[in-house]
Each structure stands twice: as C-alpha cells, then as structure tokens.
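# Observations on chain architecture
Here is what each chain is made of, one letter per residue.
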Amino acid sequence: MKKSIILMVPLLLLFSPASPVHARTGADPAALLVKANEAYLQGDYAAAEILYRYILDQGVRNGRVYYNLGNTLFRRGKTGEAIQRYLQARRFMPRNEDLEANLGYARRKVEDKIEASGAGVLRDIVFWYDRLTLKEMFLAFLAINVLFWLCLGLRLFVRVPAVNRLVLVFLAAGLVMGGTAAARLVTESRERPAVIIAQEAPVRSGMDPESATLFILHDGAEVRAEKESGDWILISAGTGKKGWVRKEQVGLVDPGA
Amino acid sequence: MIAFLTKGEKSVTTGLNRIAVLLFLFTALATAAYAGEVTVTASLDRGRISLEDQAILTLSVTGADNAPAPALPDLPDFDVASAGRSSRISIINGAMSSRTEFAFVLRPKKAGDFTIGPAELQYKGKTYRSAPLTLQVTKSSAPESGEKDLFVTTGVDRTSPYVGEQLLFKLRFFSRIPVANASLEKLTFEGFQTVDAGKEKTSTATVNGTAYHVTEIRKLLIPVRAGALTIPAAVLECQVPVQGRQRTPGRFPGDDFFNFGFGRTTTKVLRSQPLTVRVRPLPADGRPQGFSGAVGSFTLSASLDKKEVKKGDSATLTLKIAGKGDLSAAARPVVRGIEQFKAYNDQPVMSRKVENDRLISEKTFKTALVPLYAGEQKLSEASFCYFDPGAGQYRKATARAPALRVLSGDREQARVVEGRAGGRAGRSVRIMGRDILPISTDLSPLRDETFRPLSPLAITFLLAPPFGFFGLFLFKRMRDKRSTDIGWARSSKALKRARTGLDEAARLADAGQTLALLSLTFKTYIGDKLNRAGEAMTPDEIREALRTRMSEGPLPERIMNLLRDLEMSQFAPRAAEADAPDRFLREARELMHEMEKVL
C-alpha cells in the first residue's frame, strides 16, 4: 500500500496542471484572456488581437488562446494568419469540433486549392495520428511503458499465459504508440506546416527576388516549410511544387503540443 | 610481229604528242585570256514590268577566274531572291574568254520608276562596277477597267471590333486564266489570335461583267489588344501561260521557260492591300466584378448528377458555358450557396468549333460537392459575366442548379450560425448564413500546454519501470537462491541470528550465563557461515575450516583467541575478570563484522 502511494505521487505530479504562468512572467495571462475575450465579444477585434498575441508572447502555449486569436484574425480579414493559428490550436486540441468547423470555413475562403500529399491511407490506419496531441501520445506511451514493465515484473512471480499475453500486448502497443509519436516529432521537425500570410506570394526558383517565378500562392494557402535560409523559406505545395518564398510571407506552425 | 610492234609504238607516241600539244595550247590560251580586262555588266530581262510581275537581274563577270558574286546595290523597293549562277568558257579565233553570270529575281513592292544602282565586284584588290539600270514598275499589267486576269483581295467583316471579339478574315484569289503552282506566303496576324475557319472554298464570281474563278481562304481573328492593328498584304505567287511571243526566253528559273502542260509559263506575284483594324478596348464603365475577359454571346447551364445524397458523400455540379465567342479566358462561374459544401473543383474542359464562320465555344466546369449539412440544400444561383460586343455592354448569364436533398450522416452534426443545429426530428434546419463559430470562453485555468518530452518527470516515468523491473528480478533471484542453496541461506542469515543471540546474552544478569550464551552464539554464527553445525565443532575443526575459507592474517587468530578465552571463562569463571562479558561481547561483534566481509 505504501509502495503504491509512493508510485502515485509522481504520476499525479505529471498529470496535474502546470504551475501558474503568471508566477513566471509577472503578468496574469488568465486575466488577460478574460479581457481579450471581452474585447472580441464587443467587436473590438484589434484590441483582442493585441491581447491574445501578448498572452502568447508571455510564453503561454494554449489551444484556446490560439483558437480565439484565429477567430480574431479571421474577423479582421487575415485569412492566412487565421488558418495558421487554427492549425496551431489544433496541435493542442485536435478533437475540438468548433475549431474544425472554423478551420474548414476559413479554408473555403482560400483561393489556392493544394492537393494533400501522401500518407492518406497510413493516417486512416493510424487514426490517432491526427486525433491526439503529441503530448497525449507521449503520455499514452509512458502509461503503456509502465504497464509493460509491471506485467513483465509480474511475470517473474506469476507464470500464467494471460500475463504473457499482456506483456506482448503492451509491448506491441508501446512500440506502435512510441513509433507514432516519434514519427510525428520527426515529420514536424523536418517539414513544418506553414501558411501563406501575404495576399500574393510569388514562389521563386531561388533565394533572389530576380529569380524566376515558378508559381504564385495566395493568402491562406497551406504548404510545408522544408528549409530556412536567410530571409527565404523553401516550401512545397502539394506534389512536386517547390520553391522559395520570402520569410515574411509565410506563417509557420510551431511543432509540438 | 615486229612490224606490228613498230606500228604500235609509233601510234602511242603520236597520241601522247597530240595530248601534250593540246595541253600546251590550252594553257597558253587560258593565260592569254585571263590576262585580259575584268568587266562587270548588269542587265534586266525587261525594262517595264507590272506589280504582278518579276524581273531577272543578271550580273555578268568576264575576265576573272573564280570570280565572287558582285555585291548587289541597295534595293529597298524589291524583294530579291537569288536565281543561280552559271559559268562558260569560249574560244573564238584562238582567243579564250570566261564569263560568269549571277541571276537574281526582283519582285517589286510598289509601282514607280526605279534606278538599280551599280553592282560592285572586289577582285584582286580592285573594284569593278556595273552601269546603273532603270526599271519601270506599273500598277497592273491589265487595264484599270477591272479586266485583270488575276488578282487577290483580303477583307474583314468588321473593322472596329472590341478586344476579344471575333472577326472573319477572307482572302480571295480571282482568276480568269489557268494558273499553276499557286502558293501563298504565310499570312501574319500580329495582335490577333487566329482560328482556321475551314478548308478553302472555290466558287465563281462576276466582277464588272467578267466571270472569275474564285478561291477563298477564311480565318477567324480574335484581337488580343486594343489599337490600330495592321494585317500585312497577302502575297500569292503563281505561274500562268505566256500569251504570244513576248520576249526571248532566258535561262533562269522564273524566266518563262517551264512547261506544265499548257506551254510556256511566266511567274506572277499578286499582292493584296494591307488592312488596318481599329480594335476598341472593352469599356471600363459597368465592368462587373468577376469579369474574366469572355467576349461574345453566351448562356450558362447548371446541373447536378444526383437529387439526393448522404452527408459525407459527394454529388457533381456541372456548370456549362456555351455560345459564340472565345472562352479561353473564362473563369469558373460564381456559385452562391456553395459554402454549404466542401467543394473540389476539376480542371475545366473546353471545346471549340466553327459554325457558319463563327467560333462556337463550350467550357465545362465540374465540381464535386460534399455537403456539410443535412437537409434541403439549394445552390442559390450560378452566374457568369461576359461582354456582349453586339450590344456593347456587359451581361450576366445565370443558372440555377436543382436542390440537393442531403440525408443525415452518422458522424457529423449540422451547424448553424454561431451555434449548433437543434430542432425536432423530421424537420430540417434552414440555413440562413454561414460564419465562424464563437471563441472559447472556457473559465478553466489557463495552462501552458507545451510538450516537453525531456522533463525530469517524463524521464523518470520512462526509466523507472525498467529499473523497478531489474530490482524485482534481483529480488526474485535472491529468493530463489535462498530456497535452493541452504549454505548460502544460512550464511546470509547468520549475522541477523547472531545479533539476536548477542543481544539476548547482553541482557542476562549472570556473567556465566552470558558467557555461555555468547560462546554458543559465536560458534553457531561460525557454523552458519561455514554451513556446519558450529556448536558441535571443536576449536581445531574450526581452525581448519577457517583456514580453508580465509586467507592468512590476524582475523583467524583473533577468532581462535576469542573462542579459547570464552572456553576458559566458562570453565574457570573465577579467573575471569569482572568486565570480561562486555569485552567479549564487543570483540564478538567486531569479529562478526569483519567475518561478514570475507565469508
């Protein structure tokens, strides 16, 4: 009994709310969030945008803040930036229906239709890939890890087939969940989702304004950022369309949530 | 045989002599001829031609071996083409002369009297010039009454079209005499997009009472920019029979000496008048938003391939624009109400054909629609803006697609503006508009949700389970050893048991009993460590056993001394000192501590 309580303490710590942010920054983001929400509801979108951005500048990474900022930017006619914030919010709350609805609505305003590239079937099989946050995947992996070793330990003392099966099940589950989390971490660090946030962004063959324009993307077009170099970002838009875009015309979606 | 040989030798000698003489003569004559004066002369096959004719300019060079072609004078009013080169050597009265002729075809561009300047030959550092010539070019070989044998006309059906408006270009070749090898220079239409309006047509026509055979070529032109656009003159070349003896036949192409079944022919070059088309820009006033540049007269139709679809399934919306004019620039029609669907556009498909000298275009736009909401979904109206050049104004073609009944899916819920659809079963929600859903005003604590995979706690949970397992594994292994290895089990528990005994001995009040229990406990401890019955072992047996398990040193000696002192104290208690029990107890504890390290 005493041992189980000792084991529970770090678990509770791990799942408990994080320490208050304002203790770290000196501001109270929760109070700022209330003010930002009030400004939004009163139609003062400019003020709301400033407040939401300020909260994020304090180092708070929270899905609600990103979502609300996305709404604010959409109201201000910044479709590309709104989509960027919605995508960022989705990293933290991938199963939020309101967010999905608004993202879908914003996407319908986008001029460019870029076909999704690859991994469709794989994502159907690994259905949780887009339905869980990276943090949730990692926590699930940790939980499976604990259960696997517990069963393995139990197997030392209780030699029954059921325990053996449990060991195999948890081993497989741990490999799958850990592999999925690792794959997402690697994918997101290698090809970050990005959104065009300029009304018109010429995609060029090189990192030079005089380079040939390969194609033009418009506000809200979703692309993948492959490489950054100086003031330029190498982006890929759908299958086979690659080129360099000026950095200020692209909004990157931060990985990890 | 000898006579024959003599005759043969004589014959051979005679032949060789003759060749040698000829070679000598040829060389001598050639030297004499080339030593003569170099001259360049120019001549025309005729001094007067019409615009439909061509003249042959011949430049003759005499007295020059391998002479290069003389440089032609500047002839801006003629099209000039080379017609070949010929050389000949003649010996007249022993004097040899060489002559090289260069021929050029001159095609006049306009009527008038022209002077053809001298041609120049650069030969061995000297310049030789021909004499200038004059050539008269008349407008037509035929009288102006209109009784020409051949002529070409071009025309367009409208001279001031709008940008993007199609116009018909016609080239007509009139002939009342037989012609052969007619060829038309490639027509150029700068500033126009061209579409062939069918194969050439032949017919007969009467002009000023004269019957002509007419060949007609038609093209549809679509101006792509505003302003005065010029269509250059069409140039047609053909060969016609020579009527009567007009001149001495020449030796070069185009110089009337071809026979195509109807005797000698001459080449005629016919030109039409250039055309100027004044293209009007599309009016800026009234230009609707979304106008993509389509000019003509069009209709729009809309259709759906299904009347009923499940939410999540797709239906195909087909929008078709058709009519007179070019639809290359036509953009996808605007469809109101499409926000109720997730729309996937296909590439548009366009077809064009020419009917009755007019371009008929059709452009089809297909869109896969995946309804987002259940119920009766209506696409309000599809519209397409174009410019009607006939009316000179912008028009809007509209079409309505039939309503699509969307059956409820299993997974998604209908959404309405700023909230979710409710209502009783059986009644569909009427969608009034679309907008984003509201912000989150959740009052739960605001947490930083950043993912930190390398936090100490995460690492603890990652690594603690395997370490815990390892601990369990060691525990299991120890337990198993205890149950199977009695000696190891006794040895591992020896100290614990001995301490209990020592503690009990220390609590006894009687010194004799204390020493007796201490002696027993110490012997038992040694026995446990050696897996023997310690209390029954003699000092010699203990010494021997310790010698096999311990290296040489003070420890075995101290153990044996303690055992001996304990024996003596038990059997001669009076000789023992008062503090002996405590001292022996301390010594026993120390020795056991030392023995734990080595046994």
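Since we're looking at a predicted model, the values are computed, not measured.

Before going further, it helps to spend a moment on the packing of helix α3 (residues 486–507) of chain B against helix α4 (residues 511–530) of chain B. All names here are of chain B. With their axes 8 Å apart at the nearest point, α3 and α4 run at an angle of 170° to one another. Accordingly, the angle class assigned to the pair α3 and α4 is roughly antiparallel. Residues G487, R490, S491, A494, L495, R497, A498, G501, L502, E504 and A505 of α3 lie in contact with α4, whose contacting residues are T514, L517, L518, T521, T524, Y525, G527, D528 and K529. The class makeup of the residues in the contact of α3 with α4 is eight nonpolar, seven polar and five charged.

Time to look at unusual backbone geometry. Residue and element names in this part refer to chain B. Positive phi, close to 50°, is recorded for K124, a residue that is not glycine. One can find K124 in the loop between β7 (120–123) and β8 (126–129). A relative accessible area of 73% places K124 in the exposed class. Look at N531: it is not a glycine, yet its phi comes out positive at around 55°. When its relative accessible area of 39% is taken as the criterion, N531 is described as partly exposed.

Let us now look at the interface of chain B and chain A. In this complex, chain B contributes 39 residues to the contact, which on the side of chain A involves 52 residues. Together, the buried faces of chain B and chain A total about 4100 Å²; carbon and sulfur atoms form 66% of this surface. When residues of chain B are sorted by the area they lose upon contact with chain A, L446, F451 and F461 of chain B head the list and together hold 19% of the total. For the interface between chain B and chain A, the tally reads one salt bridge. Note that R75 of chain A and D435 of chain B form a salt bridge whose closest N and O atoms lie 3.0 Å from each other. At the boundary of chain B and chain A, one finds 16 residue pairs in polar contact (both at pLDDT 80 or more). Top element by residues in the side of chain B that touches chain A is helix α2 (residues 456–484) of chain B. It accounts for twelve residues.

All names here are of chain B. Read from one edge to the other, the open sheet built from three strands follows the order β2-β9-β6, with strand pairing classed as mixed. Here the strands that pair on one side only, and so sit at the sheet edges, are β2 (48–50) and β6 (112–116). Across this sheet, the average inter-strand angle for adjacent strands is 30°, counted without regard to direction. Across three bridges, the pairing between β2 and strand β9 (residues 133–138) is parallel. In the strand pairing of β9, R48 is matched with Q136.

All names here are of chain B. The end-to-end C-alpha distance of α4, which contains 20 residues, comes to 28 Å, matching closely the 28 Å that a straight helix rising 1.5 Å per residue would cover. Most of α4 sits inside the fold, with 14 of its 20 residues counted as buried. If you check the start of α4, you find a side-chain oxygen 3.2 Å away from the backbone N of G512, and it comes from D510.

Here we come to the pattern of salt bridges. With the rule as written, the count across this model stands at 42 salt bridges over all chains. In this structure, R53 of chain A and E81 of chain A form a salt bridge, with 2.9 Å as the shortest nitrogen-oxygen distance. Here R53 of chain A is found in helix α4 (residues 45–57), whereas its partner E81 of chain A is found in helix α6 (residues 79–92), with 28 residues between them in sequence. On the basis of relative accessible area, R53 of chain A is assigned to the partly exposed category, the value being 24%. D79 of chain B is the salt-bridge partner of K109 of chain B, the closest N and O atoms lying 3.7 Å from each other.

Position of Y86 of chain A among the secondary structure elements: in helix α6. For the pair Y86 of chain A and G63 of chain A, spaced 23 residues apart in sequence, the C-alpha separation works out to 8.7 Å. Here Y86 of chain A is in contact with Y67, G70, N71, F74, L99, N102, L103 and A106 of chain A together with I436 of chain B, once residues within four sequence places are set aside.

Residues and elements named next belong to chain B. One pass over the full model with this rule turns up one cavity of 30 Å³ or more. The computed volume of the largest cavity comes to approximately 30 Å³. Forming the walls of the largest cavity are A42, L57, L59, L72, P73, I116, G117, P118, A119, S130 and L133.

Now for the packing of α3 of chain B against helix α7 (residues 580–598) of chain B. All names here are of chain B. Two elements in contact, α3 and α7, have axes whose closest approach is 11 Å; the angle formed by their N-to-C orientations is 175°. Looking at the two axes, α3 sits roughly antiparallel to α7. For the pair α3 and α7, the contacting residues are L495, A498, L502, D503, A505 and A506 in the first and L585, A588, R589, M592 and E596 in the second. Taken together, the residues of the contact of α3 with α7 sort by class into eight nonpolar, no polar and three charged.

This part covers the environment of V235 of chain B. Residue and element names in this part refer to chain B. Turning to its location among the elements, V235 is positioned in strand β17 (residues 235–241). Considered as a pair, V235 and Q273 are 38 residues apart in the sequence and their alpha carbons are 9.6 Å apart. Ignoring sequence-local partners within four residues, the contact set of V235 consists of S183, L184, E185, V269, L270 and R271.

Looking now at a nonpolar patch on the surface. Side chains of L154, F157, V158 and V160 of chain A together with L472, F475 and M478 of chain B sit close together on the surface and give an oily, nonpolar patch of about 530 Å² of accessible area. Of all the secondary structure elements, the ones that give two or more residues to the nonpolar patch are α9 (134–157) of chain A together with α2 of chain B. Following the sequence through the fold, M478 of chain B ends up in helix α2. Judged by relative accessible area, M478 of chain B falls into the partly exposed class, the value being 36%.

Rules and cut-offs
- Residues numbered from 1 in each chain as written.
- Chains lettered and ligands numbered in written order.
- Predicted model: local features only at pLDDT ≥ 70, side-chain atom pairs only at ≥ 80, totals over all residues.
- Heavy atoms only, no water.
- Axes fitted to C-alpha atoms, helices over the stretch in contact; angles between N-to-C directions.
- Helix = DSSP H or I, 4+ residues; strand = E, 2+ residues; numbered from the N terminus.
- Parallel < 35°, antiparallel > 145°, perpendicular 65-115°, else oblique.
- Contact = heavy atoms within 4.5 Å.
- Nonpolar A, V, L, I, M, F, W, Y, C, P; charged D, E, K, R; others polar.
- Buried < 20%, exposed > 50% of the residue type's maximum accessible area, 1.4 Å probe, protein only.
- Buried area = accessible area lost by both parts, 1.4 Å probe.
- Salt bridge = Lys/Arg side-chain N within 4 Å of Asp/Glu carboxyl O.
- Polar contact = N/O pair within 3.5 Å; in protein donor to acceptor, adjacent residues only side chain to side chain.
- Pairing = 2+ DSSP bridges.
- Expected span 1.5 Å × (residues − 1).
- 1 Å grid on protein atoms, 1.4 Å probe; cavity = no way out; pocket = protein on both sides within 12 Å on 5 of 7 lines; lining within 4 Å.
- Points joined across faces, edges and corners; volume = space filled by probe spheres on them.
- Patch = residues over 30% accessible without salt bridge, like charges linked within 9 Å, V, L, I, M, F, W, Y side chains within 5 Å.
- Areas by Shrake-Rupley, 256 points an atom, 1.4 Å probe, with all protein chains shown as cover.

Note that every value here comes from positions in space, so none of it alone points to a role or purpose.
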